Amino acid sequence: MAIKPVLRMGDPRLLEPSRPVRKFRTDELNNLIADMRDTMKSLNGAGLAAPQIGVNLQVVIFGVEKNPRYPDAEEVPFTILVNPKLTPVGDDIEEGWEGCLSVPGMRGLVPRFLKLRYQGFDETGKKIDRTVSDFHARVVQHECDHLAGILYPMRIRDLRNFGFTAELFPDEEIADE
């Protein structure tokens, strides 16, 4: 469909809670998902939430194969997740470096649950129910935070662990805007 501009931190629309999707198999939903996929791929993103392109609906997409923004990341299957519900599995939390298309050129050390169950629907209304861990769980939590108006810098415990990617990782070649 189309590559859309990604809203950046500071845009008040990123802070609004998203509305649930009420109807599946619509042109509106299909077009939104196509736009999100095109936008995410064009920017080498690991995921994208509808609010990042200015659409206030509970829709996220994510998936990682080989990605220059996350060169050491495990693969995550491409997923369309609508009206998600997240449930931590256990209490284990791990801090890990995250970036975001809405916070370009920066990274931060963010605490996330290590293991997670996510439920929701695909674009046709078919139920999704998965239990995942590690990077996959981190990506899902990051993207679903957008649906609640939360950007990853809001979760950083120590702002000394937040900065420009090139300054934090001067010896590494990490593709980032």
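Use the structure listed above.
Caption draft 1: Representation of the side chain of Arg112. Here Arg112 lies in strand β5 (residues 103-113). A relative accessible area of 4% places Arg112 in the buried class. Side chain to side chain, Arg112 and Glu98 meet in a polar contact 2.8 Å long. Those residues in contact with Arg112, other than ones at most four positions away along the chain, are Asp92, Ile93, Glu94, Glu98, Arg138, Gln141, His142, Asp145, Tyr152 and Arg155.

Caption draft 2: Representation of the pairing of strand β4 (residues 93-100). Pairing between β4 and β5: 7 bridges, direction antiparallel. Bridge assignment links Cys100 to a residue of β5, and that residue is Val103. Counted along the chain from β4 to the antiparallel partner β5, the turn is 2 residues long.

Caption draft 3: How the structure looks around the nonpolar core. Counting 17 residues, the largest nonpolar core has Val60, Phe62, Leu81, Tyr118 and Val140 as its most contacted members. Contributing elements (two or more residues each) for this core: β2 (59-64), β3 (76-88), β6 (115-121), β7 (127-133) and α2 (134-147). In terms of residue count, the dominant contributor to this core is α2 (6 residues). Residues in contact with Tyr118, not counting those within four places in the same chain, are Phe62, Thr79, Leu81, Lys85, Leu86, Ile128, Asp129, Arg130, Val132, His136 and Val140. One finds Val6, Leu48, Val59 and Ile80 within the second-largest nonpolar core, a separate group that totals 16 residues.

Caption draft 4: Fine view of the environment of Ile80. With respect to the helices and strands, the residue Ile80 is situated in strand β3. With a relative accessible area of 9%, Ile80 lands in the buried category. In this view, Ile80 contacts Ile33, Arg37, Val60, Ile61, Phe121, Asp122, Glu123 and Ile128; residues no more than four positions away in its chain are not counted.

Caption draft 5: Broad picture of the packing of aromatic side chains. All chains considered together, the criterion is met by 4 aromatic pairs. Centroid distance Phe62 to Tyr118: 5.8 Å. Interplanar angle 85°. Geometry classified as edge-to-face. Of this pair, Phe62 sits in strand β2 while Tyr118 sits in strand β6, placing them 56 residues apart in sequence. Tyr118 matches Phe62 in its accessibility class, with the two residues each being buried.

Caption draft 6: Quick peek at the pairing of β7. With 7 bridges joining them, β6 and β7 adopt antiparallel strand pairing. Of the residues in β7, the one forming a bridge with Gly120 is Ile128. Joining the antiparallel neighbours β6 and β7 is a turn of 5 residues, in which Gly125 adopts a positive phi near 95°.

Caption draft 7: Representation of helix α1 (residues 27-42). Under the 1.5 Å per step criterion, the end-to-end length of α1 is 22 Å for 16 residues, consistent within 8% with the ideal 22 Å. When we look at burial in α1, the residues that qualify are Leu29, Leu32, Ile33, Asp35, Met36, Thr39 and Met40. Axial view of α1: buried residues confined to an arc of 165°, hence all on one face. With respect to the buried face of α1, the exposed residues turned more than 90 degrees away are Asp27 and Lys41. Buried residues in α1 make contact with β1 (47-49), β2 and β3. Among the residues trailing α1, Asn44 stands out with phi positive, at a value near 55°.

What counts, and where the lines are drawn
- Residues numbered from 1 in each chain as written.
- Predicted model: local features only at pLDDT ≥ 70, side-chain atom pairs only at ≥ 80, totals over all residues.
- Heavy atoms only, no water.
- Helix = DSSP H or I, 4+ residues; strand = E, 2+ residues; numbered from the N terminus.
- Buried < 20%, exposed > 50% of the residue type's maximum accessible area, 1.4 Å probe, protein only.
- Polar contact = N/O pair within 3.5 Å; in protein donor to acceptor, adjacent residues only side chain to side chain.
- Contact = heavy atoms within 4.5 Å.
- Pairing = 2+ DSSP bridges.
- Core = buried A, V, L, I, M, F, W, Y, C linked by side-chain atoms within 4.5 Å.
- Phe/Tyr/Trp six-rings, centres within 6.5 Å; stacked < 30°, edge-to-face > 60°.
- Expected span 1.5 Å × (residues − 1).
- Arc of directions from axis to C-beta.

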